[in-house]
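# Structure at a glance
If you want the building blocks of each chain, they are given just below.
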Amino acid sequence: MSKKVILSGDRPTGPLHIGHYLGTLKSRVEMQHDYETFIMVADAQAITDNVGDIAKVRNNIFEVVCDYLAVGIDPKISHIFIQSCLPQLPELTMYFLNVVSIQRIGHNPTVKSEMKTRGYTDSVPAGFYLYPIYQVADIVAFGTHVVPVGNDQVPMIELARDVVRNFNEQFNKEVLVLPEVYQPKIGARLPGVDGNKMSKSQGNAIYLSDENDEIIKKIKKMKSDPNRKSLEDPGDPSEAVAFSYLEAFHPDPRRVEELKEHYQRGGMPDKVLKEETAQVLIAFIEPIRERRKEFSSQPDLVYEIIRKGTMAAEAKAAKTLAAVKEAMGINYPFIKPHVLQ
Ligand code: TRP
């Protein structure tokens, strides 16, 4: 039997951080052996809110792919590709727009909060408003069974499931695969150093490419329990960002419990907690950063990986598009699209 498919991706608007790692990269690396794996650099989606800075999007494609390779995505078994290189995706989007309402698209909490942070109150670009349908095409085009993503992406997979159901119902066929979301148990929500959601735009992220001194500098600014006036006071570990990082990355969970108890009891200097957190993060990031440097010093190798991945991805998407058109009855045997010739 052929393997089931996973697909996931990232907008290339900056390098990836430890929140991406825990929320999705780690799952992709673990699952790539059991699934046929497609990993998309979503440049077209990034353009929907960066039309004035396409150079940034373009330049970050290479950075994001280096992050993938550094964390252990294996290009021998996984297909890493560029979204905009597949014309089948916008074509599928166009057909899917007919089986979903504008109201349904508007019910997406992720898009609502993105619109708020981007100040799109009166005039939201149409491309941005509709990008979730484009993302549905991203998912469906590969016959995807499972989408490993962080929890902000869950509404997109719910939308994809609605579109798949509507499409299959409308055309009375089992053409499209119903995708499922996969989320890791811990760390799906790793906070930034200031305690808010970790995000490139908030300046509170720790990157997989950060040098040790940058990590130390960021950890020094890390939020701890604001109600704790002196170090003798008991602290609330759920208020201190350090514990989220320690729980996610400390190799010894018993040590984390010990630190937590000490923090609750009182008498734990923030400095000690921060030093240990910085050490733990450095131990995790350093080998990734060094592997990343090996890849980024060989751009030809990286581009070849992307080229091969994009070819494999396009072949798969072309098959899905042909099946979709056939199901809809818009395949015209007397004229074939050139990609199928
Ligand atoms: N929206 C995702 C993000 O902002 C990126 C993305 C685009 C994606 N297409 C996808 C994720 C398909 C999963 C599946 O990070």
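Our subject is the structure that appears above.
This text gives an overview of the structure that appears in the document. (Residues numbered from 1 in each chain as written. Predicted model: local features only at pLDDT ≥ 70, side-chain atom pairs only at ≥ 80, totals over all residues. Heavy atoms only, no water.)

A word on the site of the ligand. Of all residues adjacent to the ligand, which total 14 residues, the nearest are Arg11, Gln45, Gln135, Asp138 and Gln153. If the ligand stood free it would expose 360 Å²; the protein chains cover 91% of that surface. For the shell around the ligand, the secondary-structure elements that each account for two or more residues are strand 1 (5–10) and helix 8 (131–140). Per-element tally for the shell around the ligand: the top contributor is strand 1, with four residues. Split into classes, the residues belonging to the shell around the ligand amount to six nonpolar, five polar and three charged. (Near = heavy atom within 4 Å. Areas by Shrake-Rupley, 256 points an atom, 1.4 Å probe, with all protein chains shown as cover. Helix = DSSP H or I, 4+ residues; strand = E, 2+ residues; numbered from the N terminus. Nonpolar A, V, L, I, M, F, W, Y, C, P; charged D, E, K, R; others polar.)

Right, let's get into a nonpolar patch on the surface. On the surface, Tyr332, Phe334 and Ile335 cluster together into a nonpolar patch covering about 400 Å² of accessible area. Relative accessible area serves as the criterion here: at 55%, Ile335 is assigned to the exposed category. (Patch = residues over 30% accessible without salt bridge, like charges linked within 9 Å, V, L, I, M, F, W, Y side chains within 5 Å. Salt bridge = Lys/Arg side-chain N within 4 Å of Asp/Glu carboxyl O. Buried < 20%, exposed > 50% of the residue type's maximum accessible area, 1.4 Å probe, protein only.)

Examined against the element boundaries, Leu7 turns out to sit in strand 1. With residues up to four places along the chain from it excluded, the contact list for Leu7 reads Phe38, Phe81, Asp138, Ile139, Phe142, Thr144, Val146, Val147 and Pro148. (Contact = heavy atoms within 4.5 Å.)

Moving on to the pairing of strand 1. Among the six residues in strand 1, five count as buried, and that is most of the element. You can see the chain leave strand 1, run along helix 1 (residues 18–31) and come back into strand 2 (residues 36–41), and the turn it takes is right-handed. (Right-handed = clockwise from strand over helix to strand, strands pointing away.)

Across all of its chains, the model carries eleven aromatic pairs by this definition. On the basis of an interplanar angle of 50° and a centroid distance of 4.6 Å, the ring pair of Phe167 and Phe171 is categorised as tilted. Note that Arg11 overlies the ring of Tyr131, its terminal NZ or CZ placed 4.7 Å from the centroid. (Phe/Tyr/Trp six-rings, centres within 6.5 Å; stacked < 30°, edge-to-face > 60°. Lys NZ or Arg CZ within 6 Å of the ring centre and 35° of its normal.)

Below, the discussion takes up the pattern of salt bridges. Using the criterion set out here, one finds 28 salt bridges in the structure. The salt bridge partner of Arg28 is Asp10, with a shortest N-O separation of 3.0 Å. Placement of the pair is Arg28 in helix 1 and Asp10 in strand 1, with a sequence separation of 18 residues. Taking the relative accessible area as the measure of exposure, Arg28 reaches 1% and is therefore buried. Residue Glu276 pairs with Arg255 through a salt bridge whose shortest N-O separation is 2.8 Å. Taken together, the residues Glu276 in helix 13 (residues 270–296) and Arg255 in helix 12 (residues 253–265) connect sequence positions 21 residues apart. The exposure class of Arg255 is partly exposed, given its relative accessible area of 26%. Salt bridges linked by common partners bring Glu211, Glu286, Arg289, Glu290 and Lys293 together as one network.

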